[in-house]
Structure formats: C-alpha cells, structure tokens
Amino acid sequence: MLKLFALSFLCAVVLPAQDSDGKIRVIAFGAHPDDCDIRAGGTAAKFAALGHPVKFVSVTNGDAGHQSEGGGALAKRRRAEAIEAGRRIGVTYEVLDNHDGELLPTVDVRQQIIRRIRQWNADIVLAPRPNDYHPDHRYTGVLVQDAAYMVVVPNVTADTPPLRKNPVFMYYEDGFQRPQPFRPDVAIAIDDVFSKKIDALDAHQSQFYEWLPWVDGRLEDVPKDPAERKKWLAGQRGRPVSPAIRGTLEKWYGKEKAAQVRDAEAFEVCEYGRQPKEEDLRKLFPMLK
Ligand SMILES: [Zn+2]
C-alpha cells in the first residue's frame, strides 16, 4: 500500500534531474572492476564529455580474477586499474571491498549500494540483469533491484539522507534468453567514443591481457607491444549490432543515422524505480538530441 502510494506520487512528478542545475547524475554498478566499463564505457564517456557526472562502482574488489595472483595484492592492483580506467573516460570509479566470487545479496551490501545511490544523488542507476552466468553479476543485479525502492525510504539506512525522487533504474545489455531476453529500450551509438572505451578497457591490464585470455586458453595470442595489444583488444571488443538493437537505434536516431552505427550500448528500463516516458528518456540521455 505504502509502496503503491509512494510510486504513484513519484511517477506523477516529471523532472529530468534531482537537482535544478541540469546535470544528469549517473551511477553504474558492476560486480567486478571492469564490468561497468564493458557494458557502459562508451555511454559514460559521452555523459562525461557533456559535463554530466558519472560514477562506476564495482561491488567486489576483484580479488579472485587472475590465474596466478590473488587476495589483497590483486585487489590493490585492480583498484588502481579501475581508477585509471575511470580517469581515461572522465568517470569517478569506486571499488567496494567485498570478496570476488563470494558476493551475496545481504542487507549489509544492499546498504552499501543504497548509500552510494543516495550520495551520488542519482538520476540514472545502471546495473546487470539478475540472470547471468556469474553469481557475482547475478547478485549485483538483485542487490540493485533490492535498493530500487529503499533509496527513498528514510528509515532504511538512516545514516544517509534518502532521495526525494526515485531514479530511473536500467539494465545493461546481455545475451541471456531465460527467463526473458534483454529488451533494448534505449540504444546509444558509441562509434565516436569507441577508442575512448578501448582506452578504459586497456587500463584493466590484469583482465584483458592476462586473466580473460587465460580463461579462453588464448594467452599466447596477446601481443606484447602495448600499442599492438590495444589494437588487438579493439578487435576483440567490437561486435555487430544485433537486429533488436538496430531497431532501437532507428527509433532514437532515425533510420538513416541508425544504419551507419557500428557499435552501440543498450539499456532496458527496470520495472522498479521511476518509470520514464519517452520524453523523460530523451532528457535523461542528452546525447540522443
Ligand atoms: Zn564481471
């Protein structure tokens, strides 16, 4: 009852941003230091270039993501990589000190997330969907969902003032089909910032040049030369735009422009949090103008 009342009240207020300064404040959550960059690095670079503040939060410290390193030393290395990645695209990066590979949707971690969303005064919150092969990704999705209403409830996590307006929560694109496939509500063309996104990914050296190729049994393929391996990384990361995302690009950019797009990032509106109309989404994603 309380929830229904609060949601209908919040939905009735159509404002583009929490503050009147016109800034769109974006916070993105990933399970590991590099997840936000992979899913939203291009879009984040665009927000940042337009002067809108973006924060990436890794919910775990990444201390399990390597074949020969681990623990505190790896967490320290990955935090430094994440901060450098953020610097390269103009994004604030925070790495929370929860163990990699052991994330659970506890009240403690939910509160960590509620605090970050409130402190950032977020208009848009990005997160993975809660169906994914990796338990840390899955539970990051659950944790952000669990925060989606609580960020406006004053008596929950009472040490941090609540938001007066619920943000719009959105999911990153993924390829999982069950229980339902990803629905691209918004798609952002990132061709003009693709090299910036690769710059950000390149900062996560422990991942893109060591751990992930090792998992794939392709460590030998990684070029040694820094410029060569960045080129190699760009080749790995560019991928064809799916028909569904092409359709969404057409909606937002028009058919002609959409046909030219080579790389895009897409987002699905979560049914919790503020429910934006099409004109709200145009305000929230000013690069669509
Ligand atoms: Zn991950």
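Data block above holds the structure.
Residues numbered from 1 in each chain as written. Predicted model: local features only at pLDDT ≥ 70, side-chain atom pairs only at ≥ 80, totals over all residues. Heavy atoms only, no water.

**Here's the deal with the sheet that holds strand β5 (residues 168-172)**
As a general point, the strands of a sheet are linked pairwise by backbone hydrogen bonds and lie either parallel or antiparallel. The strand order β3-β2-β1-β4-β5-β7-β6 describes an open sheet built from seven strands, whose pairing is mixed. Two strands close off the open sheet at either side, each with one partner strand: β3 (92-95) and β6 (186-189). On average, each strand axis in the sheet is inclined to that of its neighbour by 25 degrees, with strand direction left out of account. Here three bridges tie strand β1 (residues 26-30) to strand β4 (residues 124-127), and the two strands are oriented parallel to one another. Paired with alanine 28 across the bridge in β4 is leucine 126. Along the sheet, helix α3 (residues 71-89) makes contact with β2 (54-58) and β3, crossing β3 at roughly 165 degrees. (Pairing = 2+ DSSP bridges. Helix = DSSP H or I, 4+ residues; strand = E, 2+ residues; numbered from the N terminus. Axes fitted to C-alpha atoms, helices over the stretch in contact; angles between N-to-C directions. Contact = heavy atoms within 4.5 Å.)

**What about a nonpolar patch on the surface?**
Judged by side-chain polarity, Trp214, Val215 and Leu219 come together as a nonpolar surface patch covering roughly 270 Å² of accessible area. For valine 215, the location among the structural elements is in helix α7 (residues 205-215). For valine 215, a relative accessible area of 48% corresponds to the partly exposed category. (Patch = residues over 30% accessible without salt bridge, like charges linked within 9 Å, V, L, I, M, F, W, Y side chains within 5 Å. Areas by Shrake-Rupley, 256 points an atom, 1.4 Å probe, with all protein chains shown as cover. Salt bridge = Lys/Arg side-chain N within 4 Å of Asp/Glu carboxyl O. Buried < 20%, exposed > 50% of the residue type's maximum accessible area, 1.4 Å probe, protein only.)

**Here we look at the coordination of the zinc ion**
Under ideal tetrahedral coordination, the four donors around a metal are separated by 109.5 degrees; under ideal octahedral coordination, the six donors are separated by 90 or 180 degrees. In this structure, His32 (ND1), Asp35 (OD), Asp35 (OD) and His137 (NE2) serve as the protein donors to the zinc ion, at separations of 2.1 to 2.4 Å. Considering all four donor atoms around the zinc ion, the spread of angles at the metal, 55 to 124 degrees, places the coordination shape in the irregular class. The sequence motif formed by the donor residues of the zinc ion is H-x2-D-x101-H. Here histidine 137 lies in helix α5 (residues 135-150) and aspartate 35 lies in helix α2 (residues 35-49), a separation of 102 residues in the sequence. The exposure class assigned to histidine 137 is buried, which follows from its relative accessible area of 12%. (Donors = N, O, S within 2.8 Å, 3.2 Å for Na, K, Ca; no water. Tetrahedral: all angles 85-135°; square planar, octahedral: opposite > 155°, others 65-115°.)

**Notes on the side chain of arginine 229**
When you line up the elements, arginine 229 lands in helix α8 (residues 226-237). Here arginine 229 occupies a buried position and makes no salt bridge, while the nearest side chain of opposite charge, aspartate 202, is found at 4.9 Å. Contacts of arginine 229, omitting those with residues within four sequence positions, involve Gln205, Tyr209, Val222, Pro223 and Lys224. (Lys, Arg positive; Asp, Glu negative; His and termini not counted.)

**As for the environment of glutamate 102**
Inspection of the secondary structure assignment puts glutamate 102 in the loop between β3 and α4 (107-120). Among the residues examined, glutamate 102 registers a relative accessible area of 55% and is labelled exposed. With 37 residues separating them along the chain, glutamate 102 and tyrosine 139 place their C-alpha atoms 9.8 Å apart.

**Thoughts on the environment of proline 184**
Relative to the helices and strands, proline 184 resides in the loop between β5 and β6. The buried category is assigned to proline 184, whose relative accessible area is 15%. Put simply, proline 184 and phenylalanine 267 are 83 residues apart on the chain and 5.4 Å apart in space, counted from C-alpha to C-alpha. Sequence-distant contacts of proline 184, that is, excluding residues within four places in its chain, are made with Ala244, Ile245, Thr248, Ala266 and Phe267.

**Some details on the pattern of salt bridges**
Evaluated as defined, the whole model comprises 22 salt bridges. Glutamate 81 is paired through a salt bridge with arginine 77; the nearest N and O atoms lie 3.5 Å apart. With glutamate 81 and arginine 77 both in helix α3 and four residues apart, this pair spans about one turn of that helix. The exposure class assigned to glutamate 81 is buried, which follows from its relative accessible area of 6%. When its relative accessible area of 25% is taken as the criterion, arginine 77 is described as partly exposed. For the salt bridge of arginine 77 with glutamate 210, the shortest nitrogen-to-oxygen distance reads 2.8 Å. Here arginine 77 is found in helix α3, whereas its partner glutamate 210 is found in helix α7, with 133 residues between them in sequence. Three or more residues joined by partner-sharing salt bridges are found here, namely Glu69, Arg77, Glu81 and Glu210.

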